[in-house]
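# What the coordinates show
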Amino acid sequence: MAHSKLAAESYDHDDPEAIHHIVTPTTYIAVYLALLVGTALTVIAAFLPLGPLNPVVAVAIACFKAVIVILFFMHVYYSSRLMKLTVAAGFFTFIVLIMMVLSDYMSRSWGLW
Amino acid sequence: MDSQAIATHPGEHEVHEHPAYLRHHFETVEQQREATAFGMWLFLLTEIMFFGGMFAAYLIYRNWYYPAFAAASNTLSITLGATNTAILITSGFAMAMGVWCAETKRRKGLVLSLILTTIFGLAFLGVKYFEYKEKFELHHVPGADFSISQFVHPSAESKETPLAPDMAEKTQIYFSLYFAMTGMHALHMIIGIGLLVWLLVRSQQGAYTNGYVQPIEYFGLYWHFVDIVWIFLFPLLYLIDRHPGR
């Protein structure tokens, strides 16, 4: 994937200048526009009759927006491996907790509440 | 200890210039940067867990009382919600530009970016104020004053399906979560704006355009985190089911 190739280039620890990558305004503007388009798409998608897919689409767009904010506005894309692992581990733990809570609620004899 | 080190290595400090912002317990600026960025991210991860509890509660109650959640969600204004999303994204963009200005040592640019970040942040809270005010007027704030009449007897033009009174009562759970989640989000913004004012004063003095960008950068991380929370709150609270009567 092109993404992993670029990521590999971004943490060259032998060169301190490479670690402190200055993200350019061009990147910020591109992310900003993508976020605005994402917001418009979320609103449009909410009015489409997609049935059970409506919340799926809404959360998918929100996740995409969150990922580009984390990678570019929050510079994780240009960070060291340690930082990438830390951030990924945090979100992974969060998802594990949510899954465990939901599987608990789904697997009990609910319907009696 | 420090003086010994200097005595045994004469001249080292002349060869190796330390910027004033490098704390004595770090070897290099890079090490300080990596360690503090790590610490900031750990803090943000605890924040994810903090908001995560409310998101988990939301998920479960939404599944239990879906009709109540859908009907209550439809009383929110998409226009105000979407506008506020755009305002907050703009504030985040201004903050990102502020980080770039600090890194490229543009003092005026940094000050301007921080001012814009603050203005858009305040605009967001302003819109939120009018949204909350409307909820108080409609008796949609959970508690003794709460009224279910709009959900039991919806107006004809709203196309809403009338809810049974027991289900209509559950709209209080939706509004409790609405106020808890947007309220905690707003509190984070208020704290952020307080910090912004401080950063603005220091930036004006040139504190972060001398190579020491970390306070600006880490405040940026916090501000973007608050953005991300809203990116999820907007569809989850405002856009549950926008096909009433279908």
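For the structure, see preceding data.
Residues numbered from 1 in each chain as written. Chains lettered and ligands numbered in written order. Predicted model: local features only at pLDDT ≥ 70, side-chain atom pairs only at ≥ 80, totals over all residues.

### Some words on the overall build of chain B
When you go through chain B residue by residue, the secondary structure sums to ten helices and zero strands. Reading chain B from its N end, one meets helices and strands in the order α-α-α-α-α-α-α-α-α-α. Taking 2.2 N^0.38 as the reference for a compact globule, 246 residues should give roughly 18 Å; the C-alpha atoms of chain B span a radius of gyration of 24 Å, well beyond that estimate. For chain B, the spread of C-alpha atoms along the three principal axes comes to 85 × 35 × 30 Å. Put simply, of all contacts in chain B between residues at least 6 apart along the chain, 76% involve residues at least 24 apart. (Helix = DSSP H or I, 4+ residues; strand = E, 2+ residues; numbered from the N terminus. Rg over C-alpha atoms; globule rule 2.2 N^0.38 Å. Contact = placed C-beta atoms within 7 Å.)

### A look at the nonpolar core
Formed by 76 residues in total, the largest nonpolar core has its most connected members in Ala68, Ala96, Val229 and Leu233 of chain B. Per element, the largest residue contribution to this core is 16 residues, and it comes from helix 10 (residues 214-238) of chain B. (Core = buried A, V, L, I, M, F, W, Y, C linked by C-beta atoms within 7 Å. Buried ≥ 20, exposed ≤ 12 C-beta atoms within 10 Å, placed from the backbone.)

### Some words on the interface of chain B and chain A
Chain B puts 37 residues into the contact, and the matching count from chain A is 37 residues. Elements with a contribution of two residues or more to the side of chain B that touches chain A: helix 3 (29-64), helix 5 (78-103) and helix 10 of chain B. A total of 14 residues in the side of chain B that touches chain A trace back to one element, the largest contributor, which is helix 3 of chain B. Taken together, the residues of the side of chain B that touches chain A sort by class into 24 nonpolar, six polar and seven charged. (Nonpolar A, V, L, I, M, F, W, Y, C, P; charged D, E, K, R; others polar.)

### Digging into the packing of helix 6 (residues 107-137) of chain B against helix 9 (residues 171-204) of chain B
All names here are of chain B. As a packed pair, helix 6 and helix 9 sit with axes 10 Å apart at the nearest point and diverge in direction by 155 degrees. Considered as vectors, helix 6 and helix 9 are oriented roughly antiparallel to each other. The two elements helix 6 and helix 9 cross, and the hand of that crossing is left-handed. Contacts from Arg107, Leu110, Val111, Leu114, Ile115, Thr117, Thr118, Gly121, Leu122, Phe124, Leu125 and Lys128 of helix 6 reach helix 9 at Thr182, Ala186, Met189, Gly192, Ile193, Leu196, Leu199, Leu200, Ser203 and Gln204. (Axes fitted to C-alpha atoms, helices over the stretch in contact; angles between N-to-C directions. Parallel < 35°, antiparallel > 145°, perpendicular 65-115°, else oblique. Left-handed = near helix turned anticlockwise from the far one by under 90°.)

### Examining the packing of helix 9 of chain B against helix 10 of chain B
All names here are of chain B. Here helix 9 crosses helix 10 at 160 degrees, and the two axes come no closer than 10 Å. One way to sum up the angle between helix 9 and helix 10 is to call them roughly antiparallel. At the point where helix 9 passes helix 10, the crossing takes the left-handed sense. Residues Tyr178, Met181, Thr182, His185, His188, Met189, Gly192, Leu195 and Leu199 of helix 9 form the contact with helix 10, whose own contacting residues are Pro215, Ile216, Phe219, Tyr222, Trp223, Val226, Val229, Trp230, Leu233 and Leu237. Of the residues in the contact of helix 9 with helix 10, the class split is 15 nonpolar, four polar and no charged.

That is the geometry; function is a separate question.
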